[in-house]
Every structure is written in C-alpha cells, then in structure tokens.
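# Geometric and topological summary
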Amino acid sequence: MKNKTVKMVLAVVVLGVCCGAYAGVKTYVAHQEQKESEEDSEESTTVFTASTDNIKSLDFMVDDTETTFEKDDDSWVKKDETDFPVNQTTLDSAASAIASVDSDRVLEDVDDLSEYGLDSPSNTIKIVTKSDEEDGDDITTTLYVGDENSSTSQYYVRKDDDEKTVYLIDSSCVEPFTKSLNDYAQMDDFPAISNTDTITKISVDGDNSYELSKDEDTSTWSVKGSEDEEKADSATVSSLVSSFGSMAYSSLADYKCDDKSKYGLDKPYATITVDYQEEVADDDTQDDTTASGETADEDASSVEENSDDAEQDTESDESVSETTDETSETEDTDGEEAEDETSENSDSASDNEDSSEEETKMADKQLTILVGNETDDSSRYVMVNDSNEVYTMSTDTLSALTDKSEEDFWDMTVSYVSLNSLGSLKVNYQGSDYKVNVSRETSTDDDGNDTETVTYKLNGSDMDETTFTTFYNKLINMTAQKRLTDKYEPDGDAELTATFTEEDDDTQEVAYYSYDTNYYAAVVDNKVYLVNKMNVKELFTAFESVVGTEEDSSDKTDSDEATTDDTKSDSTDMPGESIEESDDSTSETAGITNDSDTSEEENTDSQETDSTEE
C-alpha cells in the first residue's frame, strides 16, 4: 500500500514538471516567431524609389504594344500620338504607384526564371527619372513583371539586367500598368440636357420607329409611328424625357474612329434625335450694352438737369417763404419730388446697365445618338453628334428608347372629358336612355366676388350632385390595361353607352361591351380598350345609384308640380300688383338648389321658373 502511494506521488510530480516544460517551450516558440516576424519586416527590401516629380516618362506594354507616356510641362502626353487625350489623373496615379516599390521577400540565386513567369514577362515597365545631379544624364530603371502569386496578391519581378534575383512586390504597384489603351484616355462627359423641360421632340429610327412631340400651348405629348398621331401617356413620356438629364457613358472605345463599321455605326441599330433648347449668351449683348451705355449717359445728363432745376426750385422756395409759409411748404414739397425723381432716374440707369450685361436667350439645339453593336459587357457602342469618339453605353439605358414602339406610349385613358367643360351627358344603360344637363350661373356678391353655381338635372329633374360626380369621375378616369390592334366585332349590344357633349358642342362617345371573363371592351371611335371587368362593374353600380336618386327626385317633382298647379290657379285671381311681386320672387329664387329651410311658396316659384326655362 505504501509503495502505491509513493508511485502516485512521483507520477504527479513528473506530470507537473512536464506541464511546466511544455508551457515554457510554447512561450519560447511564440517569442521566437514574433522576433522573426519583426526581423522580416525590418528587412523589407527597396526595389525602386524616386520622387514622382522626377519621373520623366513611363514606358510599358499596352494591348501588346510598347507605349510611352512622357511629361511635357507637367502634363502627360503620349509620345507617338500627341493628340491622344491622356487622362492626367490615371497617369499620375500610375507614377505614384511605381515611385516606391518594396519587397518583403527576395529570392536570390534563381536558376530558372520560368518558375516565376519571368522568362517571358507579361509586362516590362521602363521608368526614366531625372538625375540628382544638375547636369547628369537621365536614369532608366526597368522592371520585368512575371506571374502573380494569387495567394499573397503579389507579383514576381526582376530588375534591370539582374537575372538571379527575384522580388515579390505588392499588386498595387503593377495593376496601374495592366489597362487597355482607352483606359488611359480622358473620357468626355455625355452632353446631358440640363433642363429636360425644354425638350420638344424625341424621334427614334430603328426596328421600332416612332416620334414623340410636345404641344407648346398645352404641354401635352403625342406619339406617332406607322399609324396616326395619338395622345401619349404623360407619365411614360415624362420618365423618358427626364432620363436625358442623367445619361452617361460607360467607357471609351475609340478616341479617333476612322471606321464606323467596326462598331456597327455605319448602319446603326438605331438613331435617336432629341430637339431641345438651351440658354446661351445673347450675341447682341455687346451692342445692347453700348446702346444701354448711351442711354445711361443721356439719363445721367437728364439727372444733372433735374438736379439744377431742383436747386432753382429750392432757391425759389426760400424767396417765397419770406412772403408766405403756405407757399413755401408747397414749393418745398415740389423740390423733394424732384430730388426723388432724380434718384429714381439714376437707379433706373444703373439697373438697365446691369440687365444688359446679363442678357441671355434660348437657342434651339439637337442631340443625335447613333447606336451600334452590342459589346461583351451588356453595353452598346454609341457616337454622339459630330464627334469621332466612340463610347459604350449601358443597354438598359438605351433599351428604354430603342426597344419601345408607339404602342408603349399610348394614353390608356378611355374617355376623359373635364367636368368643367361638360354641357350634357347621354347614357344608355341596359336599353334605357338617360340625359344629364349641366347648367352654370355666376353671381356677384356685395364685395364684387364672383361665385359660380353648377346644377345637374337628370331627365329634367334635380339630382344629387355628389352621387353624379362619383359616377362621372369613375367614367372619365377609366384606364385600360391594353388596346386591341386587330379588328373587333362586338358580340351583342353595349351594356352602357355614354355620349359627352361639351360646351363648345364637341362630342365623344364610349361604349362598353362584355369581352371575356376578365375584360370589358371599351370602344371609342376606332379604338378598342380592354378594361378590367371589376372596374367596369363598379362604374355600373355607381350609375345605378344615380338612377335611383333620379327616381326619388321624380316622385318629389310630381308632388311639387301638383302644388304648383294649385298655386297657379290661385295666382290667376291675384291683382296685377301682386302678380308683379310674385314674378320678382320667382326671379330671385330661380336657379337656386332646393334647401330644407326653403318655404313652400319659394319652392313653388322655383318650380315655375324651372319649367319655363326648360
């Protein structure tokens, strides 16, 4: 028993010693790793360094062609094409990236450059810098770029003629030199239209050709394609018009195109033309300024004369004041008015001069966009106006114009006639005829304010205004989901036909036919609209409410007419003076809607007046 206890104690001691040793070794290893990491960071090797101001040129491979950009008075130019529109920011960034190249891993005594892609470099970057000495020769440093180590985002490079040493450098030093030529060109901005409200016409010529035009008087849009010109949906056109204020190029494809066929621009997929206006300086401003200057001189001369006259008036005032105070006060007032007029003339001359300097005018402009072939990145080639530059533009942006047809812009409002211009409305519903007449009377109150009173009568009888307007709003705001372009032959009679007559006697008719389980066909002239069946059913229900109101009004009217007849018989025996008073009362109550507080006599007179008018 004693031996077992001793062995257990020894085992515990040995285990403790082992744990302590393990902890010590672990701490030592961690310390060594940290030390080695610090040594590695301290041993970072400089591959190339120079001031960006001293870099005179950069020579590297662009699209498999050796290309040189050099400094000319602090601006970058393409050596063999001085008219190439160099993007200064892009070249400055490339120079900054290569001005300080460090490596945190250097491979020495390399025997096989092919292991790093340096037997056939992917790029060769030559950097020419000015010598530190005033009269010294320029210094050329060459970096050969090999493969990319994707796991570390670094590139293998070698420098100058040293084929035994390979450096691993960060990709940020190399990537600015991996672009295509057009990436180093300065892109122009798309000539977006700053004020799209001035656009008056948009035409698209292509597989689907159409033209949108704006009426200058009403600001409404119409669309015309292969068919007749029609009213366009304002919301659809508005969205399209506003897009011209935010259009933008995607990239530059060719800064000096000499062969449009390469981009499909010799026979464009579509041609977009936009007519608009732009505010420009008035060419006649200078002449106006001169004329204004002469006018100002004349005004100044007039001011001086007025000033002299004012002084003479003042002297005269002082003389007269010795004789009478009342006359003096009058003359002083005239002098002050003269001085005020002088000041106003001076201010007016100044205002005229300022306004002449700021004169502008609206000039007619036109934007033309040629749309060519599709690219590999969901874009199309475009050329704008007379430019020789070819750009790419998003297909989504262009398709909003090129992939539309006139049908996409049709106004789907079935039959809109403003209630303010309505004279009468005839409705045939399920074989019965109804007519609504609208009358308007204007009265002026004691303060001279005009008030228009509108009354509605159904088949000659008063009707509830709210019930009618509810129905009418549903009728004129009915919107179709699509239009039929094929010939339509109705199957049966229309369930509801509405004929609008405006105050200027213009007429419009719409007839609703049952089409299928989903739609009613609304026929207006030669147009056939397919309208959601539920919406039409709501229209029918609203009209049935109107008819119900009319029936109640008829019952009341019959009673009123009976009362009127009795009143008429009584009025026959009235003396002439009383008849005149009755006539006056009738004229006062004519055209006024029945009110619950109105007396029976006033109702009777009103009915007589309405009958006479009808």
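This text follows the structure it describes.
This text gives an overview of the structure that appears in the document. Residue indices follow the written sequence of each chain, beginning from 1 at its first position. Whole-chain, interface and lining totals are the exception, using all residues; otherwise, since this is a predicted model, local features are given only for residues with pLDDT of at least 70 and side-chain atom pairs are given and counted only at 80 or more. Derived side-chain values reflect all non-hydrogen atoms in the structure, with water molecules and hydrogen atoms excluded from consideration.

Take the overall build of the protein next. Across its full length, the protein carries ten helices and 27 strands. In the protein, which comprises 614 residues, the share counted as buried stands at 35%. Whether two residues are in contact is decided by their heavy atoms: any pair within 4.5 Å suffices. In the protein, 61% of the contacts between residues at least 6 apart in sequence involve partners at least 24 apart. By element, 40% of the accessible surface of the protein is carried by carbon and sulfur atoms, the whole surface being about 37000 Å². A helix here means a DSSP run of H or I that spans at least four residues, while a strand means a run of E at least two residues long, and both kinds are numbered starting from the N terminus. Exposed residues in this analysis have more than 50% of their type's maximum accessible area, buried residues have under 20%, and partly exposed residues fall in between, with area computed by a 1.4 Å probe over protein chains only. Computed with the Shrake-Rupley method and a 1.4 Å probe, the accessible areas treat only the protein chains shown as cover for residues.

What follows covers the pairing of strand 5 (residues 100-107). Two strands pair when backbone bridges link them, and strand 1 (residues 45-49) and strand 5 are joined in this way by four bridges, in the antiparallel orientation. Bridge pairing links T49 to S100 in strand 5. A strand pair is defined by DSSP finding two or more bridges across the two strands. Strand direction decides the pairing type here: strand 5 and strand 9 (residues 166-170), joined by four bridges, are antiparallel. Looking across to strand 9, one finds that L107 is bridged to V166.

For the rest of this paragraph, the subject is a negative patch on the surface. A surface patch of like charges, here negative, comprises D53, D72, D73 and D74. On the secondary structure map, D53 appears in the loop between strand 1 and strand 2 (55-62). Note on D53: relative accessible area 61%, which makes it exposed. Like charges are joined within 9 Å and nonpolar side chains (Val, Leu, Ile, Met, Phe, Trp, Tyr) within 5 Å, but only among residues with over 30% relative accessible area and no salt bridge; these make up the patches. By salt bridge we mean one thing: a side-chain nitrogen of Lys or Arg within 4 Å of a carboxyl oxygen of Asp or Glu. Within this scheme the basic residues Lys and Arg register as positive and the acidic residues Asp and Glu register as negative, but His and the chain ends are omitted. The atoms used to mark charge sites are NZ of Lys, CZ of Arg, CG of Asp and CD of Glu.

Right, let's get into the sheet that holds strand 24 (residues 496-502). On the basis of which strands lie adjacent, the open sheet formed by nine strands has the order 22-21-20-19-24-25-26-27-23 and antiparallel pairing. Each edge of the sheet is formed by a strand with only one pairing partner; in this case those strands are strand 22 (461-462) and strand 23 (482-484). The pairing of strand 25 (residues 507-514) with strand 26 (residues 519-524) spans four bridges and is classified as antiparallel. Counterpart to S514 in the pairing with strand 26 is Y520.

Looking now at the environment of L425. With respect to the element layout, L425 can be found in strand 19 (residues 422-429). The buried category is assigned to L425, whose relative accessible area is 0%. When neighbours within four sequence positions are excluded, L425 is seen to be in contact with Y434, K435, V436, F468, F471, Y472, L475, A498, T499 and F500.

Taken together, nine strands build an open sheet; the order of strands is 1-5-9-8-7-6-2-3-4 and the sheet is antiparallel. Both edges of this open sheet fall to strand 1 and strand 4 (75-78), since each of them pairs with a single strand only. Along the sheet, successive strands turn relative to each other by an average axial angle of 30 degrees, direction set aside. With six bridges connecting them, strand 2 and strand 3 (residues 65-72) associate as antiparallel partners. Paired with F60 across the strands is T67, a residue of strand 3. Comment: axis = line fitted to C-alpha atoms, over the contacting stretch for helices; angle = value between 0 and 180 degrees taken between N-to-C directions. Contacting strand 1, strand 2, strand 3, strand 4, strand 5, strand 6 (123-129) and strand 7 (139-149), helix 2 (residues 88-98) runs over the sheet at an angle of about 100 degrees to strand 2.

With that out of the way, let us pick up the side chain of E389. In this fold, E389 is placed in the loop between strand 17 (379-384) and strand 18 (390-394). Summary of buried charges: E389 has no salt-bridge partner, and the nearest side chain of opposite charge, K256, is 11 Å away. Within polar-contact distance, the side chain of E389 engages the side chain of Y391 at 2.5 Å. Each residue touching E389, except ones within four places of it in the same chain, is listed here: D188, L252, D254, Y255, V382 and M383. Each polar contact in these results corresponds to two N or O atoms within 3.5 Å; when the atoms are within protein, one needs to be able to donate a hydrogen and the other to accept it, and residues that are neighboring in sequence are counted only if both atoms are side-chain atoms.

Moving on, we come to the packing of aromatic side chains. Ring geometry is summarised as follows: Phe, Tyr and Trp rings, the Trp one being its six-membered ring, pair when their centres sit within 6.5 Å, and such pairs are stacked at plane angles under 30 degrees, edge-to-face over 60 and tilted between the two. For the coordinates displayed, the defined rule picks out 22 aromatic pairs. On the numbers, 6.4 Å between centres and 70 degrees between planes, the contact of Y488 with Y513 is edge-to-face. Highlighted residues: Y488 in the loop between strand 23 and strand 24 and Y513 in strand 25, separated in sequence by 25 residues. Taking relative accessible area as the criterion, Y488 reaches 17% and is therefore assigned buried. Owing to a relative accessible area of 17%, Y513 belongs among the buried residues under this scheme. Among the aromatic residues, those joined into a cluster by ring pairs are Y429, Y434, Y456, F468, F471, Y472, F500, Y520, F540 and F543. In this analysis the charged atom, NZ for Lys or CZ for Arg, is taken to sit over a ring once it is within 6 Å of the ring centre and within 35 degrees of the ring normal. Directly above the aromatic system of Y269 lies the positively charged group of R380, at a separation of 3.8 Å from the ring centroid. The ring of W410 has R483 sitting right over it, with the charged end atom 3.7 Å from the ring centre.

Our next topic: helix 6 (residues 395-402). Along helix 6, the positions that sit buried rather than exposed are T395, L398, S399, L401 and T402. Around the axis of helix 6, the buried residues are gathered within 160 degrees of arc, so they sit on the same side. The backbone nitrogen of D396 has a side-chain oxygen 3.2 Å away, supplied by the residue at the start of helix 6, namely S394. Taking the helix axis as origin, the arc is that swept by the directions to the C-beta atoms.

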